[in-house]
Amino acid sequence: MNLPENFKEIIASKKGFISDMDGVIYHGSKILPGVEKFIKWLKDNDKRYLFLTNSSERSPRELSQKLQRLGLEIEEENFYTSAMATAEFLKSQCPGGSAYVIGEPGLVYALYEAGISMNDYNPDYVVIGETRSYNFEKIEKAVRLVIGGAKLIGTNPDLTGPSENGIFPACKALAAPIEIATGKSAYFIGKPNALMMRHAMKKLGTRRAETMIIGDRMDTDIIAGIQTEIDTTLVLSGVTTKEEISQFSYRPLFVLNNVGDLCV
Ligand SMILES: [Mg+2]
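Note that this is a predicted model, so its numbers are computed, not measured. (Residues numbered from 1 in each chain as written. Predicted model: local features only at pLDDT ≥ 70, side-chain atom pairs only at ≥ 80, totals over all residues.)

(A) View of the sheet that holds strand 5 (residues 79-81). Read from one edge of the open sheet, 6 strands run 5-4-1-13-14-15, paired in parallel fashion. Unpaired on one side and paired on the other, strand 5 and strand 15 (254-256) mark the two borders of the sheet. Sheet twist, expressed as the mean angle between neighbouring strand axes with direction ignored, is 25 degrees. Taken together, the 4 bridges between strand 13 (residues 211-215) and strand 14 (residues 231-235) define a ladder with parallel strand orientation. Pairing of I213 across the sheet is with T232, part of strand 14. (Pairing = 2+ DSSP bridges. Helix = DSSP H or I, 4+ residues; strand = E, 2+ residues; numbered from the N terminus. Axes fitted to C-alpha atoms, helices over the stretch in contact; angles between N-to-C directions.)

As structure tokens, then:
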């Protein structure tokens, strides 16, 4: 990789790192090369860090336990999910509000933590996250509540996600029937919505210039960094290939093979 002369200087000057997970830290049940070295480097150099995911299904504790099973020690407070960003957003828009949720426990838990209560009668919001317990009754209820005035929110704008058998329909695909039936468009919170990055930075307690975003996708991670004016590093351990970078109208600040190359 061609790195600028001041690469080391820039990395060393960053106090906070916001890193994507799938394709950066792990893929499936495999830890990617350089990750152990990177986590040790973060800890040894007193860097603040957050591992970010657009998935709303798992709580930070469950994510911490998942990574522990793969052999990585990362504390609960170092995770940030689209469920947490959604909860933060609803809290700021409608403190003490209520929601009807189609999603997994990780989402419901994050909403409770933010003081949002569950309500399937006259909620302020209908919130859609990814879940396997999606069915006609829930869609029907969501449609009625949105027509009745509830605002429609999606935790993340992904259309599909990767699975062992190919792809699965993700949040935006699950929200689509409700949008079509009601004629209302959902507002989606997760990456590349800059809101998620701003909330993550607030949690990290760093300023823009002190922060670095690390991701494996130009169309979600890198664009999210660019839109929030945070320096970006693309790693080639996931979705975007080196050849694809030039097809985008924007570029990351740095391109590295994996996160291990960040350890300066
Ligand atoms: Mg990724």
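(B) Focus on the pairing of strand 11 (residues 166-169). Pairing analysis gives 4 bridges linking strand 10 (residues 160-163) to strand 11, with the strands arranged antiparallel. Following the sheet pairing, S163 is matched in strand 11 by G166. Two successive antiparallel strands, strand 10 and strand 11, enclose a turn made up of 2 residues.

(C) Structural view of the sheet that holds strand 7 (residues 117-118). Spatially, 5 strands are ordered 7-6-8-9-12 in an open sheet, and the strand pairing comes out parallel. The open sheet has two free edges, formed respectively by strand 7 and strand 12 (187-188), since each of these has just one partner strand. Pairing geometry for strand 9 (residues 151-154) and strand 12, over 2 bridges, is parallel. In the strand pairing of strand 12, I153 is matched with Y187. Of the strands in this sheet, strand 6 (98-102), strand 7 and strand 8 (125-128) are in contact with helix 5 (residues 105-113), which crosses strand 6 at around 170 degrees. Sitting on the sheet, helix 6 (residues 136-147) is in contact with strand 6, strand 8 and strand 9, with an inclination near 150 degrees to strand 6. (Contact = placed C-beta atoms within 7 Å.)

(D) Geometry of the domain arrangement of the chain. If you check the domain split of the chain, you get domain 1 (14-54 + 192-234) and domain 2 (84-188). Distance between the C-alpha centres of domain 1 and domain 2: 25 Å. With 5 residues of domain 1 at the contact, the number on the domain 2 side is 7 residues. Residue composition of the side of domain 1 that touches domain 2, grouped by class: 2 nonpolar, 3 polar and no charged. (Domains from an automatic or database assignment. Nonpolar A, V, L, I, M, F, W, Y, C, P; charged D, E, K, R; others polar.)

(E) Structural detail: the nonpolar core. The biggest cluster of nonpolar side chains holds 70 residues, and the ones touching the most others in it are A99, L111, V126 and I128. Counting residues domain by domain, this core receives three or more from each of domain 1 (14-54 + 192-234) and domain 2 (84-188). (Core = buried A, V, L, I, M, F, W, Y, C linked by C-beta atoms within 7 Å. Buried ≥ 20, exposed ≤ 12 C-beta atoms within 10 Å, placed from the backbone.)

(F) Structural detail: the pairing of strand 4 (residues 48-53). Strand direction decides the pairing type here: strand 1 (residues 16-20) and strand 4, joined by 5 bridges, are parallel. Bridge pairing links G16 to R48 in strand 4. Bridging between strand 4 and strand 5 involves 3 bridges; their strand directions are parallel. Bridge pairing in strand 5 places L52 opposite Y80. This β-α-β element, strand 4 to helix 3 (residues 60-69) to strand 5, shows right-handed connectivity. (Right-handed = clockwise from strand over helix to strand, strands pointing away.)

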